[in-house]
Structures are given as structure tokens and as C-alpha cells.
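Structural description and commentary
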Amino acid sequence: MSEPTFAIDRRQAGIARELFEAVRDMPLLSPHGHVDPRLLADDDPFPDPARLLIVPDHYVTRMLLSQGIPPSRLGVPRRDGGEVESDPRAIWRLLAENWHLFRGTPSRLWLEQTFRTVFGVETPLRRETADEVYDAIAARLAEPGFRPRALFERFGIEVLATTESPTDDLAQHAKLAADGWGGPDGRVISTFRPDNVVDMDREDWRDEIGKLGAISGSDVETYAGYIEALRKRREAFIAAGTTCTDHGHPTARTLKLTPAEAAAVYQRGLQGNATREDAETFRAHMLVEFARMSLDDGLVLQIHPGANRDHNRKLYASHGKDVGGDIPQATDYVHALRPLLDEFGMESRLHIVVYTLDEYTFSRELAPLAGGYPAMFLGAPWWFLDTPDAMRRFREAVTDAAGFYNTAGFVDDTRAFCSIPVRHSVARRSDAAYLASLVAQDRLPMDEAAETMADLAYHLPKRIFKLDGNTK
Amino acid sequence: MSEPTFAIDRRQAGIARELFEAVRDMPLLSPHGHVDPRLLADDDPFPDPARLLIVPDHYVTRMLLSQGIPPSRLGVPRRDGGEVESDPRAIWRLLAENWHLFRGTPSRLWLEQTFRTVFGVETPLRRETADEVYDAIAARLAEPGFRPRALFERFGIEVLATTESPTDDLAQHAKLAADGWGGPDGRVISTFRPDNVVDMDREDWRDEIGKLGAISGSDVETYAGYIEALRKRREAFIAAGTTCTDHGHPTARTLKLTPAEAAAVYQRGLQGNATREDAETFRAHMLVEFARMSLDDGLVLQIHPGANRDHNRKLYASHGKDVGGDIPQATDYVHALRPLLDEFGMESRLHIVVYTLDEYTFSRELAPLAGGYPAMFLGAPWWFLDTPDAMRRFREAVTDAAGFYNTAGFVDDTRAFCSIPVRHSVARRSDAAYLASLVAQDRLPMDEAAETMADLAYHLPKRIFKLDGNTK
Amino acid sequence: MSEPTFAIDRRQAGIARELFEAVRDMPLLSPHGHVDPRLLADDDPFPDPARLLIVPDHYVTRMLLSQGIPPSRLGVPRRDGGEVESDPRAIWRLLAENWHLFRGTPSRLWLEQTFRTVFGVETPLRRETADEVYDAIAARLAEPGFRPRALFERFGIEVLATTESPTDDLAQHAKLAADGWGGPDGRVISTFRPDNVVDMDREDWRDEIGKLGAISGSDVETYAGYIEALRKRREAFIAAGTTCTDHGHPTARTLKLTPAEAAAVYQRGLQGNATREDAETFRAHMLVEFARMSLDDGLVLQIHPGANRDHNRKLYASHGKDVGGDIPQATDYVHALRPLLDEFGMESRLHIVVYTLDEYTFSRELAPLAGGYPAMFLGAPWWFLDTPDAMRRFREAVTDAAGFYNTAGFVDDTRAFCSIPVRHSVARRSDAAYLASLVAQDRLPMDEAAETMADLAYHLPKRIFKLDGNTK
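Computed from a predicted model, the values in this text were never measured in an experiment. (Residues numbered from 1 in each chain as written. Chains lettered and ligands numbered in written order. Predicted model: local features only at pLDDT ≥ 70, side-chain atom pairs only at ≥ 80, totals over all residues. Heavy atoms only, no water.)

1. A word on the interface of chain C and chain A
Which entries qualify depends on this criterion: What makes two residues a contact is simply this: any of their non-hydrogen atoms within 4.5 Å. Here's the idea: put two parts together, see how much 1.4 Å probe accessible area each one loses, and the total over both is what we call buried area. A carboxyl oxygen of Asp or Glu within 4 Å of a side-chain nitrogen of Lys or Arg is what we treat as a salt bridge.
Contacts between the two partners involve 47 residues from chain C, matched on the other side by 49 residues from chain A. Where chain C abuts chain A, roughly 4100 Å² becomes buried across the two surfaces, and 49% of that area is made up of carbon and sulfur atoms. It is Ile8, Arg103 and Tyr360 of chain C that lose the most area in chain C upon contact with chain A, and together they represent 19% of the buried surface on that side. At the junction of chain C with chain A, the criterion picks out 7 salt bridges.

Have a look at this one:
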């Protein structure tokens, strides 16, 4: 297939193509994602096509699971170390035999264009061509030009942010900095994601608190020491180039406790007596605290709420987290974010980027909030929604009340390094199609559409995620 | 009007027409509906046009009611046996005079095409043409070729499933089987719908339990006997060709009680002491139990949640159930279905088809669930949503996470026998329009679109509703 | 920019234009809005362009605030009387410099077309053209033909309803009547909006009750006297031409209390002991009472629920109400409206027009309710939703179950007098685009589309808002 414009009307498609061509070669900013920094620190060759493109991609394995193909047959590691398929070619063939399941899905779009534009494979994947496509990609992976750093440069990535917890020692980022790839204003930076030391619902929370104490040298037996430890770790992240934090919570609830109240909940957590409501209260309170820290140190605050984690319990039991068992849930923002916005919503220096898995808040909650508070920006459609159709619905629903300039621009949010260019390309083409629809309707002149296109593709995320060196 | 493609763009419309033409004459599968089996068992001529097409169609009578025309003037029987309009021509004229109310509605689409394609009446309905259209249809109804069985064959229906309760003796289906029309692999089969013996909120629940005991010969004074009775009735239905069950609940809540807990609630029900929460708990528990039975006997489990029944109390008081007084309500699936999916969601042998009246769950809940559990499939847009626009929104919202192959295919869900072909035609044309939009955007090649079209129109429902003889 | 048709497809756009041209010059009905009656009573010249078009428009000031431009810099008065920008040209330049923020928004559409069609200014607004546009508009504002009454006639407004509370003495409307502009069947009438004497959550409720007693001469120390006072004020409004009431509540909840229960809540309110639940209960109850009064006196009942008022507390603290700090919230109608519809939903004489800020109720709740009860009509997409895209989504989502004739037609709901023609033009063009989409799909013949267009633009609101002299 050629490169879709995501417009049906020929005139709109022509305008969309023109808008896209002008930004096609702009550098890629990836301010939020889950690429393993070791990949770029070590710069080892990628493994086989299946382990690169199928095994770790839970979009792909969940779709196959939904039709009865268990993750073990796709090589996804079991928690008990039990046997799973280890022949990459067998895994690849299984995908090819079931390729029809992906018709109309973003996975198909991403994989197909990755085959073509990253690996130069034009043969369409089918049961009969499985080996041909596999061999062609495998051959490329053996070439030096297909090592991670070479691809990074070929992809035109300007900045890639990985995601680490405060208990991470940032050793990979230190190695990258030593190689001229990391550090402040470097190409690879980290994101400060403290969920492991915030979420008392996690079984390992107290262990993680212990690690936080150790790595920060603070006395985390007290709430004050805990806050101090977090501030210190933020400093360390900032020294390594970090510009953003990220917070993945079940809800968007925020809350301002007094220090005494917060300390009491914290102590119950340490003593193992925290209730589920305590855990929710503490997560909610800490969002406000992190915003307070951001006002001091300039880090952008990202909130990713609304995932019902490990909904598929049997899948979790057999294969653990992040293998496709999460499901979105209805998410309230209007009431949930109010304590945070009461406190800091009017601060222009603060950037709060809010994401959603629940598109049925676009026009009712998210756009009016982002269009009403200086501190708040709308994150790109996320996860189940980072698709051409959902991105169109996002623009159609939020532009009325939020315009373009209260949206933060695309983030790929991916661990699939090789899919980064196509994901950005899809997002840019989706935005181009939306802008072209305005132009085709005589609602926006072409010159303004083109300027907006460049802003969405590059300038807005650069500014909003503070990748422009202006961290205050 | 000619036959709409449901595409505005000429190129998309051309592709849609090509896709549709290839499936236009494929047999119709109607695995879920409410046609009275007596219709086909007796094969008597249909009554007049008004009693055939207006009086029993609550889509039509509710729209007229909404503009102040009471059901009595449309011949809808009163519960108190009070007088209602009995002149079919007067009823027909009332529709014709108010035909403008139906502009843009599915009722207009269905009726107009039924007039044209079933009865060969090309004259558009208007106040002035009311009698002409009436007389033309009435003349046809008097012909032998317009008896139910003749139409069934002309419509190209391969299988039609009616809906009966466990207390039904299936006498009509026995007659059909004796005539070569029913029984396993027959053309007319039943669906096992046990709401009357599950829902303690119904005034007649205990009476229905009595009937269940009588027809099954089980001791329904105990919970164990009740379960046994249900299993026996399922066997009887299966012997008569049934492949599916259906469950119409106010919510999608599921719950796994222990046998002792379930027995206690059941006893409270028998004693008339069940609370509303008991009733909800029992319905929720029984969905899990029915799934357990399905795993044993192979019946497909259909869940139709979210109707707020008899919202219009005055209408219920005067005319009873199923006359247009039901309203959808917000429906949660993510939390509600979890106990069921925890228990049986990973069973590929089990087919659970979930419907909705709440489209604001499409991308957030239904598509991620169906795209994540082997047992779950998405039912076709239902009732208020079985329209060209809602079917488009369904595909646009669910394909990203569920693809096409986790959707179960169209069911007409109708009691209006003569509307069956046009309803399937509208669904096929709607799907063709969506597939054509992907082709027109270069997101799917034509050959794959055509294969998908045939799957959606015929092969998927045949397999998922187990109409292919493969009932395990 | 030329005048958009809101259609991308050229054929659809051509049909849309044809449909629109036929209603372009039909008179404007503005049965719900917030224009200050003094404007037309005094007929003084408008102030400068900034004070006319920017300062009072909270759509504009909130968008600028969202990007860090405080309302004080835009001349919005402070509650504390503190200094704000007073140079209109400076305010205007600030808008021009930030004009890109409005790309794709309805504000841009409205302002741009207001410049062009009301003031004849063709120069596009840009930083460089700020003064030129300002001067051109200012020059026009000095001309006699740009006084309010002259514009009213030029705009082709047939009726404009302002909004007043029962404690208003209607002096402005008396002046208008004396000048031949007001009174029954007059051009400027009022709407009866009793929120200030219904909502016990308001700080000034008891003071307002005092004013109600004074103006009505009733003993408002008792609930019966309070009801009598409201009935008397309705009579006074009706004598001044009023045909509608309006009710802006946080939720759509309705409730039927006994007189004794209502009296008890009322007394708690007078004594300052009402809880928040009391306030909600009383609001809910009063909606049913107002419907009862409407059945007697013929006033149309409008319900505007779902605004979370003054969400932005700092903005409220500095600048007060109605300056852009309100946010929509999720709104239930199915359960909330049931007590009202149980009581009066089957009354064809009663017109209840229900609005929403929550589009995620369109197909699930609002359309089925309006398509099922004679008394209920759907209000036009409101506030955050009165945009071309949201109006398209409204028609696409509600027409299936409600058709066109259960929708009440456009209301501009604006205080921005000069924006009235463009708002109606946008609504008419949006409806034309939707009707054209049906025509282009062969779902509606052109003659019926044209008739529907005229009904939506003029005849439906005239009848439903009882502007046709038929007030019973």
C-alpha cells in the first residue's frame, strides 16, 4: 500500500499531502516513551524480526490472543519460566497466517510501513510470503546500518526520552552522556516516573521506598525525608537532561492534604496498614506535591490516568504486566483535577500535560479545561487512541474549545524503537488531514494551516515539553 | 429513492457498491430476532398493511407518539382491552400524513425499501399517495407468493432464530421440524432466553419458576433443582436446533456466588423476600452460571444489557411492554464483566457476544475487551444503534482495538419479518461503505476488503453463532 | 475567507449551498439569549470595537487566558475594582497578536464573519492589520446605521428574547413596549429565569426571596406564598410578551415532593439551615412545579443543566461569574428527568426543551427521550457545542431516534448582539450541510430536504418556542 493521507476526498487528500510534505523531514521529538536506554547505550544489533517486532508488542500479541492464540506460542516469556515458543520463524509465520486479523488496525499500518520504510521490504505480508519478508528483514538487521544508533540518526530523531523510576541509578544515561548521546540538551534523556514509590497499592511499594532511601541518602522513614528524597532524585534526573515527569494513575484524582495528613497516610503505608482509599488519597495528594516541585524545578508534569491494569487476571498470572491485559476505564477529569487546578492551574510557568484513554471526555471535560487554565495542555491521543481515526476525532472534538495551541503535540509512547518514525508519520498525516479538512471547507487559509502543521509536528512539543532549553 | 451506498464521495461510493454487489445475494443469517415462530409454522397470509407494518413496529409508533399521536390511534392494543383504532386504512393514512417525521431515520429507510423491494411499490409515500400505496401492498399480501414461507425463501434466509423462554414447550418449532423447516440444522430454530425465570424483579417470576418446574420435571424448590431444570431445558432447545442463549439484563453486571450464597438468594426469591439488590446479584451470578453451562453444551451466550425498561410509565400503564417506552442507560462493561471474564474469558470454545445501547463505550470498553479476551465478541450495533450512521461510528470506533474478526456480524433483532432483507441490506451496505473508506484511503487493498466483506456478511456470523454445525 | 458550507465534498457542498440560499434571508428568531435589554431600550451607540467584541466575550477571553494572558490585560473588570487595561486599542492589538490561538475555533468563525458581514471589513485580522481593522470597525460604530435598533432591523431579527429573573421589574421591556418594540407579539421580549429565587446554594438566595416578596406583594415566608409569588411574576412576564422560562441547574434532576415536604425544605432554606442536598432536592422539585405552572399558563420550559459553575476559583475570585470559568460535567438525563416525564411527559400542550453540554448523551439518552415523549424537545447544541462540528455530530447522533421534528431549532444563547446573524448563519449552514449529506447519499429527496431546512431555520422554533401566538 502507498502512504495513506487519511483523507477520502481527493481535494482534501491533495491539500493534506502538501501540508505533510512540508513537515515530513522535520526532526522527530519523542518526549515520552518506553524505549530501553540500554538499547542505545550498548548499540548492539537487534535480534531476529520476531523478537524485534512481535514478541514485545502487546498490541500485536493481544490481538492474536483475542482469537485464541496464546502468548506462549508467540514467544512471550512466562512468569514461571515455563517453556514458550523459541523459534522466531515459527512466531513470524503465525503472525503472517493471522495477518487478516489486523485489517484496519493501527498495528497493521505501523508494521506494514515499518517493513517498507525502515527495512525496504515491499512484498506484502501474507501466509505465502512469511519467509520472504522474514529473511529480508533478518538480512537487514545484520547490517551495521541497522544498529540502534545508526537507525536513530537515520530516523531523524532529535530527542528521545526514556522512562525511569527515581530508584534507577541512571547508569545507562551516564554511559550515553559519556558517548556524547545523553545529558542536558542531549539526544537521549530520561523521564522521572515515580509510580513505584507513590502507589501503595503495589506489592513492592515498601521495598521501593527502601531503594529510594538508599539511592537518595535521605531518611525515608519520615514523610519529610520522603519528599526530600524525591526532590534530590529529580535534581539527579535534571542533571541527566530530564525535562518531564510522568504519572500513571488509575484515576485523575488530585487532592491537597496538609503535611500532617500526608505524613499520617505515609506512615500507615510504611506500617503496611494503608487501605485502598489511603493509597488513592496518597496518589492524589502526591500529584499536587509533584506539581509544587515542578513549579520549583521546571519539570513538565504528565498525567496518564484511566488504565485498569491487569484486567485479564489469567494473562497476568501467566505472563505478568504490560502484555496486553490492561483495559481503559471511564475517567473523570472535571472534579478530579480541580484540587490541582485550584492550586496551580493559573501558573503559566507550569506545564501539566493530561492524557486520556477515554475519548468520551474530549469535548465535555478535556478541551474546556485545557482551554480554560494556563497550566494545562492536552496530551496526544494515547494508546488505544493513537490511531488515524481517533486522532481525527480528537481534533474534531477538542479544537472548538482548546484550539491547536493547548494541545501538546504527538508523543509516541512506545517501546518499539523501530516503529517511532511511522508513528510520527501517522500522527503528522492525521493532523495534516484534519487541517486539510479546514482548508477544504474554507475555514482556514493554507498559509495558516501550514504554520499550524509545523507547530504541531515540531515547535509545540519542543516548547511544551521544554526541549528548547527553556526549562522554567 | 435509489439504494443508498452510505458514502458521499463518488469514488468511495463506487468501491462500496462493488463490495456490496459481491455479497448482495449471499444467504441471510438471522441468528437473533423476535419473529413469532407461529408465523412460519402456520404460514397464514399476512393481515393488512397497517397491522403488518405499523401496529407492531414500536420504532414507528414511538416516533408518532413523540409528536402527540397516541398509540391507540395507531391500533396498538390497550392492556385494559379499551377501544383502539381498528380501521387499517385510517392507521395507514395517519402514517402517511406524518411521514415527514421519519426523514433521516432508519424507519423511513426500512419501510421505503420494504415497499419497493418486497412489495414492488415504487410510488413514494405521501399524504396524497397513502391509499395507492396501501392498496398496492394489500393486493400483494393476498397473493400466495407473499405468504411467510414463500417470502422466507425469496428473501434468501438460510437460518432464522426466534426467541423463546425455557418455559416454552417449543410446539411451534416441533411443527416446523415436522414440516422440514426446523430442528437441528433446520431453517427455523429457537434461542434460549431465560430472563423470565432469572429476573426476580419481574412480578411473575415465581409463577414462571413454577412453569419451569412443570415443564422440566425438576424440583425447582431448591437451587440445585433450578439449575438442573435449566440444563434440561437447554438440552430440549438444543434438540430443536438452538445454538444460542440470550440474556436481556438492566446492567452487564456479572458475579460468581458460591452455591450456598446462590441458594440463599434463590430461596429469598421463592419466599418473596428478595430485595432489588438480591435480584441484581442473582442476575449477575446467573450470567456466570450460564457461561459455565455454555462451556459444557456449546450454546453461544448473548448479553443484551442497558435497557431501562418501561421508562414511560403512562405508556406502560396503557399499552404494556415493548411498545416504545424503553430508553437506553449508561452501561459499564469493564468492571461489570470482569467476574465473568476472570472465570471464562480465556476459553476459546466459549462464544460470548456482548451488545450495547451505549455507544459511548465503543472505544473505551467494548473494543479493548473483545480485542483482549478469546471468548468475547462484539454484537452488532443494537436497537437505537442499528442505523447507517451508528454502524459507521461502530466500525470507526472498534476496529482499532478489535479489528473485524472480534465482531460477530449483523443480527436483525427484529419482529418485523418483512423488514429482514432490508435490515441486512442496510448493514451490508454500511459495512461496505466503511471498508470502501479504508480502500479509498489506501489503508486496505481491494481483495482484502472483499474478503472481509464476505466474512462480515456471512462467514463470521455463521461461525460465531455456531450455525456451521460446529457447536463446540 | 469565503463563507464555508461545512462540507468537504464538492457535490455535497453544492447541495448545501442551494439549501442554505433558500433560507438565508428568512427572519431570525432568537428565543433564548442574554442580550441586555437596555441596549435596545436606550439604543445608544456601541462603544469601541474592543469593548463591543472582546471584553464581554468569555469564549475569547478564556482562550487567551489559557495561554497565559490574564483577563485584566483584556479589560475584563475586576471584582475588587482594581485596575485593568483601559485602552481599547491595546486590547485589540493583543487579540490580533494572538489570533493564531483561534484557528479552527467557532470564535474565529464568528468574529471573522462579523467583521466582514456586519462591518464590511474584508482585511484579515493579523498583528500587522490590527489597527486597520480596529479603525474600520470604530468608524462604522460611529454611524447612525450601527446603532442597536438599526442593526436589529438590518439583521432581520423577528423576535429577540432576553433573560430576566422574577425579581426584575421589566422596566426596560416596558420602555421597549412604549416604543413599539416590546410587549406581546413584540420584537423584544423577556424569558422568565427564576434560578436566583430557586437555588438555595446561592449566597444571595434569601435576599432574592425578599425581593421576590416585595415585587410580587406575596407573603414569601410560606411555601404557598412563594409559589403564588412565582405565578404572579409569570403573569407579569406573560403580559410583557414572554413565552418561555429557563432553568440553569447543575444537574437535570427532577423530583416531585409533596407540598408538605417542599414547604419543609423551603423553611430550612429561609432559616439558613438548608443542606446541599436540600438545595438539590428543592431545585429538582421546582422543575416539576414549573412544569405544572407551564401546563396552566403555556410558558415553554427550558432546562440548561450540566455546567460546573466557577470551576476556576481564582478567576472567580478575581473577576466573578460568567467570565469563562465554567466547565461542563457529565450529565444524566434518563434517571434525572424521569419524575418530570412521569408527571407531564405525555402532555402535548407542554413544551419542555432540554439542552446539554455533554454530547456523550446524544444517542443514548436525549434522542430516545425526545423521540419517546410528546412534551420533550431537544435544544440546539449549547455553548461549548454550538459549533459546526458539534452541530454535525448532534444531527448524526440524534436524527436516528428523534428525527428532525423533535429538535427545537437553533437558539443563539448569546450576549454578543453583533454576533447574532453569524451564529444563525453558521447553524443554518451546518444543518444545510447535514441535510445535503442525506441528499448526496440518496437518503432524502431535495424537495423534502428543502422543506426540512426551512422548518429547522424558522418554522420549528417559531412553533416550539410559541412565537406564533399559539401559547397553549
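2. Comments concerning the sheet that holds strand E5 (residues 300–305) of chain A
Residue and element names in this part refer to chain A. Here is the rule: When DSSP finds two or more bridges between a pair of strands, those strands are recorded as paired. Numbering of helices and strands runs from the N terminus; a helix is a DSSP stretch of H or I covering at least four residues, while a strand is a stretch of E covering at least two. What counts as an axis is a line fitted to C-alpha atoms, over the stretch in contact for a helix, and the angles between N-to-C directions run from 0 to 180 degrees.
Within the open sheet, the 4 strands sit side by side as E4-E5-E8-E9. Their pairing is parallel. Of all strands in the sheet, those with a lone pairing partner are strand E4 (244–249) and strand E9 (376–378), marking the two edges. In this sheet, adjacent strand axes meet at a mean angle of 25 degrees when their direction is disregarded.

3. Some details on the relation of the copies chain C and chain B
Here is the rule we go by: Least-squares superposition of the copies uses the C-alpha atoms of those residues scoring a pLDDT of at least 70 in each of them.
The transform that puts chain C on chain B rotates by 120 degrees and translates by 0.0 Å along the axis, for an RMSD of 0.0 Å. Between the two chains, the operation in question is that of a three-fold axis. The fraction of interface residues of chain C whose copies in chain B are also interface residues is only 6%, indicating that the copies meet through different surfaces.

4. Here we look at the sheet that holds strand E8 (residues 352–354) of chain B
Residues and elements named next belong to chain B. Pairing is parallel in the open sheet, where 4 strands are placed in the order E4-E5-E8-E9. Of all strands in the sheet, those bounded by a partner on one side alone are strand E4 (244–249) and strand E9 (376–378). Direction aside, neighbouring strands of the sheet carry axes that sit 25 degrees apart on average. In this structure, strand E5 (residues 300–305) lies alongside E8, joined through 3 bridges in parallel fashion. Note that in E8 the partner of leucine 301 across the bridge is isoleucine 352.

5. Brief notes about unusual backbone geometry
One non-glycine residue, aspartate 413 of chain B, lies in positive phi territory at about 55 degrees. Residue position: aspartate 413 of chain B is located in the loop between helix H18 (388–402) and helix H19 (420–440).

6. Digging into the relation of the copies chain C and chain A
Mapping chain C onto chain A calls for a rotation angle of 120 degrees and an axial translation of 0.0 Å; the resulting RMSD is 0.0 Å. A share of only 6% of the interface residues of chain C reappears at the interface of chain A, consistent with the copies meeting through non-equivalent patches.

7. Section: the interface of chain C and chain B
Here is the rule: Any pair of nitrogen or oxygen atoms within 3.5 Å is treated as a polar contact; in protein, a donor-acceptor pairing is required on top of that, and neighbouring residues in sequence qualify only through side-chain atoms on both sides.
Contact with chain C, which involves 49 residues of that partner, is made by 47 residues of chain B. Ranking the residues of chain C by area buried against chain B places Arg364, Asp400 and Arg443 of chain C at the top, with a combined share of 18%. Connecting chain C to chain B are 7 salt bridges. Its salt-bridge partner being aspartate 389 of chain B, residue arginine 443 of chain C comes within 3.5 Å of it at the nearest N-O pair. Summed over the shared surface of chain C and chain B, the result is 31 residue pairs in polar contact (both at pLDDT 80 or more). Ranked by residue count, the leading element in the side of chain C that touches chain B is helix H17 (residues 362–370) of chain C, at 7 residues.

8. Structural notes on the domain arrangement of chain A
Residue and element names in this part refer to chain A. Under the convention used in this document: Where each domain starts and ends comes from a domain assignment, either automatic or drawn from a database. In the scheme used here, Gly and all other residues not listed as nonpolar or charged are polar, with Ala, Val, Leu, Ile, Met, Phe, Trp, Tyr, Cys and Pro taken as nonpolar and Asp, Glu, Lys and Arg as charged.
Domain boundaries in chain A define domain 1 (10–44 + 147–464) and domain 2 (47–145). Computed from C-alpha atoms alone, the centre-to-centre distance between domain 1 and domain 2 is 28 Å. In this assembly, 30 residues from domain 1 lie in contact with 25 residues from domain 2. Here domain 1 and domain 2 share an interface that buries about 2200 Å² over both sides, 59% of which is from carbon and sulfur atoms. Among the residues of domain 1 in contact with domain 2, His319, Cys418 and Val422 are the three that bury the most area, contributing 25% of the side total. Inspection of the domain 1/domain 2 interface yields 0 salt bridges. Taken together, domain 1 and domain 2 are joined by 8 residue pairs in polar contact (both at pLDDT 80 or more). Broken down by secondary-structure element, the contributors of at least two residues to the side of domain 1 that touches domain 2 are helix H8 (148–155), helix H15 (313–319) and helix H19 (420–440). Residue composition of the side of domain 1 that touches domain 2, by class: 15 nonpolar, 7 polar and 8 charged.

9. Focus: the nonpolar core
This is how the line gets drawn: Only buried Ala, Val, Leu, Ile, Met, Phe, Trp, Tyr and Cys residues count toward a nonpolar core, and they belong to the same one when joined by side-chain atoms within 4.5 Å. Burial status follows relative accessibility: with a 1.4 Å probe on protein chains alone, a residue under 20% of its type maximum counts as buried, one over 50% as exposed, and anything between as partly exposed.
In this structure, Tyr226 of chain A, Tyr226 and Phe417 of chain B together with Tyr226 of chain C are the most contacted members of the largest nonpolar core, which totals 495 residues. Dropping the residues within four chain positions of it, tyrosine 226 of chain B is found in contact with Val197, Val198, Ile209, Leu212, Asp219, Val220, Tyr266, Phe282 and Met286 of chain B.

10. Points about the packing of aromatic side chains
Spelled out, the test is: Any pair of Phe, Tyr and Trp rings, taking the six-membered ring for Trp, is counted once the centres come within 6.5 Å. Such a pair is stacked with planes under 30 degrees apart, edge-to-face with planes over 60 apart, and tilted for the rest. Put simply, a charge is over a ring when the Lys NZ or the Arg CZ is close to the ring centre, within 6 Å, and near the line of the ring normal, within 35 degrees.
Tallying each qualifying case throughout the model produces 69 aromatic pairs over all chains. Judged by centre distance (5.7 Å) and plane angle (15 degrees), the ring pair of phenylalanine 119 of chain A and phenylalanine 146 of chain A falls under stacked. Here phenylalanine 119 of chain A is found in the loop between helix H6 (106–118) and helix H7 (130–141), whereas its partner phenylalanine 146 of chain A is found in the loop between H7 and H8, with 27 residues between them in sequence. An identical accessibility class is assigned to phenylalanine 119 of chain A and phenylalanine 146 of chain A; each is buried. With a centroid separation of 5.0 Å and 80 degrees between ring planes, the pair formed by phenylalanine 152 of chain A and tryptophan 181 of chain A is classed as edge-to-face. Taken as a pair, phenylalanine 152 of chain A in helix H8 and tryptophan 181 of chain A in the loop between helix H9 (171–178) and strand E3 (188–189) lie far apart in primary sequence, 29 residues in all. When sorted by exposure, phenylalanine 152 of chain A lands in the same class as tryptophan 181 of chain A, which is buried. Grouping aromatic residues by their ring pairs yields a cluster made of Phe46, Phe152, Phe155, Trp181 and Phe417 of chain A. Directly above the aromatic system of tryptophan 110 of chain A lies the positively charged group of arginine 423 of chain A, at a separation of 3.8 Å from the ring centroid. Directly above the aromatic system of tryptophan 181 of chain C lies the positively charged group of arginine 187 of chain C, at a separation of 3.7 Å from the ring centroid.

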